Amino acid sequence: MTLFQRLDAIAVVTLDHPPVNSLSHALRRHIVDALTAAEADPAVQGIVLVGNDKAFSAGADVTEMGTPRQLAEPMLTQVLARLESCRKPVVAAIGGVALGGGLEVALSCHGRVALERARVGLPEITLGLIPGAGGTQRLPRLVGVATALDMILSGQPRSARALADSGLFDAVVADDLVAAACACASRLAAAPLPRARDRQADAAAVRTAVEQARARLNARQRLQPAYGAALEAVAATALPFDDGLARERALFLELVPSRQARALRYQFKVEREAVKLPADFDGAPRPLQRVAVIGAGTMGSGIAISALDAGLEVILLEQDGAALARGRERIGEHYRSRVAAGKMAAAVAGAAEARLRTTLDWAALAEADLVIEAVFEDLAVKQEVFRKIDAHARAGAVLATNTSYLDIDAIAGATARPQEVLGLHFFSPANVMKLVEVVRGARTRAEVLATGMELGRRLKKLPVLCGNAFGFIGNRIYNAYRRQCEFMLEDGAWPEDVDQALTGMGFAMGPFAVADLSGLDIAWRMRKAQAASRDPRERYVPILDRLCELGRLGRKSGAGYYAYADGKQVATTDDTVRALIMQASAARGIERRPLSAEQIRRRALLAMVNEAALLLAEGVAVRASDIDVVLVQGYGFPRWEGGPVFWAREQERATLEQELEGLAAIVGHGFVRGDLALLLD
Ligand code: T1G
């Protein structure tokens, strides 16, 4: 590959490591060699670094991280020192993304020019790291410590347009990026070279901003060491530059091997694997341009919004005019609020809404490439809806149900074309949650599944393939986890002990607060429906039933596991609930013993791990890591703990096997022991 092209007196160095110019060893080598050649060329007065349309550079190569290649010379820090010490001006021309080490490359240049649409950021915190190549030292010196802290702690990229006046760029242009960068390099060649490192930070301002940022950290951020490390690194901008750089490097290298950083790198990798169909899969997706959504309730409207945002045409069908009007209003309000918040241009919102058609006429389904129903979660209701879909949808249309746990085959059986039916289990709110479980029925054709996965990608979601077993992947794991938590109430814990143990490791909410939020009557109705078929030898905890019989249906009724005063949860459970719990313990002849937070966490996680092994054995999950993607994306499992499978792989195998023996005794009759080898080997 040529090292650079010369445009007049400027050497243009192209970064070319598809798809996103991650800073692999080869690319680092190329940059240094090109700099050396350009510096030695007397015809060259300035240098421009440019990437491709998608990326200037997406930063350090995540696949190299934690491996010897990451530290193979030239290391990234050496490349940046080479850029900064270059005797000729180096200008970064940013057209796509400049993230992490990619932005740090640009910060080490003498000038930066960007297209308005370019996006720059320091997302290291999302990988359990901090910028490790000068980002915490150079960015505050260019844009001020407050803006730099916000970018480093949020990990969120910003557009060059939004940062045009921040001091980060020499120019932000609409087009002609390389020409603008060459002009900038020529200008810089005529004067002493500006370097971020030569600017001295205001020590007092740094201290104030860092302490204010520390005070704003939330509970879940405080559980993650990278946030504290980021604050320490930025605080070091008050030191001489090289001392600050050394402090940052030490903090960074300490984080790379940490469990949280490994878990977050794992999640980055397995999320991208989960959305890919298995290598031996033979099915191509069908064309997708028009989607019909049946049911204009919260879920149906959310799915419609997702499809509209992805540029698809949407037919929203209801059976009831008032419900249809409410659904349309809900969608309209969504777009109005996004425009009002400056999150969406009015023209984009208008175009999205223009693609929406609402109707009461089932015949409209004939125009859809894919039909998805989001009606009441009842098998008979869904079967009736599918009979109508079957009567109106065109041949070749994909027919999807949004059911969260009903049997796909029982629904598909209501049509004459079960091979065209699959599950697309969205999570509420459907236009926000990224997870979609793509459920394969016994007769579902490969191309129908491929179309479901393609729809998930088009909607910028995380489609995960799964088999048609009760609860699919997420609800199956969650049910096992929640059931184990109920056992712990009988064994000696109070609801707040369990909830606090789990929020203490990073869960957004504990299982009993979640139950109160979603309403205990939903589970109660399902339990009553299953009562006749329940095996009396299986351990069953009646506490939720007793609460519902007292009218304690959760937050919506002012009390459930917890009492609620002025809409706020009372932290400690009241005497009524404790009496019910103690009655349940006594009825089972259990002498209650308090459980420590660590015991609670291990039992809850072990229940998930065992169920994960069963899901793999039954072929419901294609990959063990898919289970971790589902739990993190759909059920509030702390991302920096990786998921139940990642957690299990961090444990001593012998300890897990022994604890599973204990779990078998706790669960009793009906317990099925999973094969940990499926998760751990
Ligand atoms: N390293 C290696 N591969 C990467 C990568 C990276 N940094 N970023 C993306 N890829 C791969 C990705 O795995 C996928 O591969 C393909 O590119 C397309 O990605 C010292 C240490 C850039 C916004 O955190 O945010 O720098 O599946 O599916 O939706 O301080 O990728 O096709 O085989 O996501 O268009 C900091 C992470 C690193 C940026 C593009 N950088 N990447 O999104 O495509 S740490 C990041 C992204 C660091 C320094 C520290 C996104 C994207 P495949 P994609 P996309």
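Conventions and cut-offs
- Residues numbered from 1 in each chain as written.
- Predicted model: local features only at pLDDT ≥ 70, side-chain atom pairs only at ≥ 80, totals over all residues.
- Heavy atoms only, no water.
- Helix = DSSP H or I, 4+ residues; strand = E, 2+ residues; numbered from the N terminus.
- Rg over C-alpha atoms; globule rule 2.2 N^0.38 Å.
- Buried < 20%, exposed > 50% of the residue type's maximum accessible area, 1.4 Å probe, protein only.
- Contact = heavy atoms within 4.5 Å.
- Polar contact = N/O pair within 3.5 Å; in protein donor to acceptor, adjacent residues only side chain to side chain.
- Axes fitted to C-alpha atoms, helices over the stretch in contact; angles between N-to-C directions.
- Parallel < 35°, antiparallel > 145°, perpendicular 65-115°, else oblique.
- Left-handed = near helix turned anticlockwise from the far one by under 90°.
- Pairing = 2+ DSSP bridges.
- Near = heavy atom within 4 Å.
- Areas by Shrake-Rupley, 256 points an atom, 1.4 Å probe, with all protein chains shown as cover.
- Nonpolar A, V, L, I, M, F, W, Y, C, P; charged D, E, K, R; others polar.
- Salt bridge = Lys/Arg side-chain N within 4 Å of Asp/Glu carboxyl O.
- Domains from an automatic or database assignment.
- Buried area = accessible area lost by both parts, 1.4 Å probe.
- Phe/Tyr/Trp six-rings, centres within 6.5 Å; stacked < 30°, edge-to-face > 60°.
- Lys NZ or Arg CZ within 6 Å of the ring centre and 35° of its normal.

Visitor: Hey, could you run me through the overall build of the chain in this one?
Guide: A tally of helices and strands in the chain yields 28 helices and 20 strands. By the compact-globule yardstick of 26 Å for 681 residues, the chain fits well, its C-alpha radius of gyration being 28 Å. Reported as C-alpha extents along the three principal axes, the dimensions of the chain are approximately 90 × 60 × 50 Å. Residue burial in the chain is summarised as follows: out of 681 residues, 55% are buried.

Visitor: What am I meant to see in the environment of Arg286 here?
Guide: Structurally, the position occupied by Arg286 is in the loop between α11 (259–274) and β11 (290–294). Once the C-alpha coordinates of Arg286 and Asp369 are considered, the two residues, 83 residues apart in sequence, prove to be 8.2 Å apart. Not counting residues within four places of it along the chain, the set of residues in contact with Arg286 comprises Gly396, Ala397, Val398, Glu420, Arg445, Glu447, Val448 and Thr451. At 2.6 Å, the side chain of Arg286 forms a polar contact with the side chain of Glu420. Here the side chain of Arg286 touches Glu447 through a polar contact of 2.8 Å, side chain to side chain.

Visitor: Please explain the packing of helix α12 (residues 298–309) against helix α13 (residues 321–340) as it appears in this structure.
Guide: A pair of packed helices is characterised by two quantities: the angle between their axes and the separation of those axes. Between α12 and α13, whose axes approach to 10 Å, the crossing angle comes to 50 degrees. Between α12 and α13, the crossing angle belongs to the class labelled oblique. Handedness of the α12/α13 crossing: right-handed. Within the contact between the two elements, α12 uses Thr298, Ser301, Ala304, Ile305, Leu308 and Asp309 and α13 uses Gly327, Arg330, Ile331, His334 and Tyr335.

Visitor: What exactly am I supposed to notice about the side chain of Asp390 here?
Guide: Structurally, Asp390 can be placed in helix α15 (residues 379–392). Sequence-distant contacts of Asp390, defined by excluding residues within four places in its chain, comprise Thr415, Ala416 and Arg417.

Visitor: How do you make sense of the sheet that holds strand β8 (residues 119–121) when you look at a structure like this?
Guide: Working definition: the strands of a sheet are paired by backbone hydrogen bonds and lie parallel or antiparallel to each other. Spatial strand order, β4-β6-β8-β9: 4 strands in an open sheet with mixed pairing. On the outer flanks of this sheet lie β4 (55–57) and β9 (158–159), each paired with one strand and no other. By the bridge criterion, 3 bridges tie strand β6 (residues 97–99) to β8 in an arrangement that is parallel. Each bridged residue has a counterpart across the sheet, and for Ala98 the counterpart in β8 is Val120. Where helix α3 (residues 101–108) meets the sheet, its contacts fall on β4, β6 and β8, and the angle it forms with β6 comes to roughly 95 degrees.

Visitor: How should I be thinking about the pairing of strand β7 (residues 111–115) in this particular structure?
Guide: A regular strand carries its side chains on alternate faces of the sheet. In terms of burial, β7 is a largely internal element, 5 of the 5 residues being buried. Bridge count for strand β5 (residues 90–94) against β7 is 4 bridges, and the pairing is parallel. Each residue of the ladder has a partner; that of Val91, found in β7, is Gly111.

Visitor: Please clarify how the site of the ligand should be interpreted in this entry.
Guide: Inspection of the region around the ligand gives 24 residues, with Lys54, Ala58, Gly101, Glu104 and Glu124 positioned closest. Here an oxygen atom of the ligand and a side-chain polar atom of Lys54 are 2.6 Å apart. Gly101 has a polar backbone atom sitting 2.8 Å from an oxygen atom of the ligand. Contact with the protein chains removes 70% of the 990 Å² of surface that the ligand exposes when unbound. A breakdown of the residues in the shell around the ligand according to their chemical character gives 13 nonpolar, 5 polar and 6 charged.

Visitor: Would you mind going over the packing of α11 against helix α25 (residues 624–635) with me for this structure?
Guide: Axis separation between α11 and α25 bottoms out at 9 Å; the angle between their running directions is 105 degrees. As judged from the angle between their axes, α11 and α25 are roughly perpendicular. Of the residues in α25, those touching α11 at Tyr266, Gln267, Val270, Glu271, Glu273 and Ala274 are Ser625, Asp626, Asp628, Val629, Val632 and Gln633.

Visitor: How do you make sense of the pattern of salt bridges when you look at a structure like this?
Guide: Any two side chains of opposite charge can pair, on the condition that their charged atoms come close. Tallying each qualifying case throughout the model produces 52 salt bridges. The residue Arg539 makes a salt bridge to Asp491 at a minimum N-O spacing of 2.8 Å. With Arg539 in the loop between α21 (520–530) and α22 (543–549) and Asp491 in helix α18 (residues 474–491), this residue pair connects regions lying 48 residues apart in the sequence. Using a relative accessible area of 10% as the deciding quantity, one classes Arg539 as buried. Residue classification places Asp491 among the buried positions, given a relative accessible area of 14%. Each member of the salt-bridge network shares a partner with another, and the members are Glu490, Asp491, Arg539, Arg588 and Arg603.

Visitor: Explanation requested: the domain arrangement of the chain in the structure shown.
Guide: Quite often, the size of an interface is put as the accessible area lost when its parts meet. By the assigned domains, the chain splits into domain 1 (5–192 + 199–255), domain 2 (284–471) and domain 3 (475–680). Between domain 2 and domain 3, the contact holds 17 residues from the first and 15 residues from the second. Together domain 2 and domain 3 conceal approximately 1300 Å² of surface at their shared face, both sides included; 64% is due to carbon and sulfur atoms. Joining domain 2 to domain 3, the criterion identifies 0 salt bridges.

Visitor: Sorry, what's going on with the packing of aromatic side chains here?
Guide: Centre distance and the angle of the planes are the two values used to describe a pair of aromatic rings. Evaluated as defined, the whole model comprises 8 aromatic pairs. Considering the side-chain rings of Phe507 and Phe637, the 5.1 Å spacing of their centres and the 70 degrees angle between planes classify their relative orientation as edge-to-face. Placement of Phe507 in the loop between α19 (495–503) and α20 (511–518) and of Phe637 in the loop between α25 and α26 (644–649) is noted, with a sequence separation of 130 residues between them. An aromatic cluster is present here, built from Phe427, Tyr478, Tyr481, Phe507, Tyr635 and Phe637 joined pairwise through their rings. We note Arg592 situated over the ring of Trp494; from NZ or CZ to the ring centre the distance is 4.3 Å.

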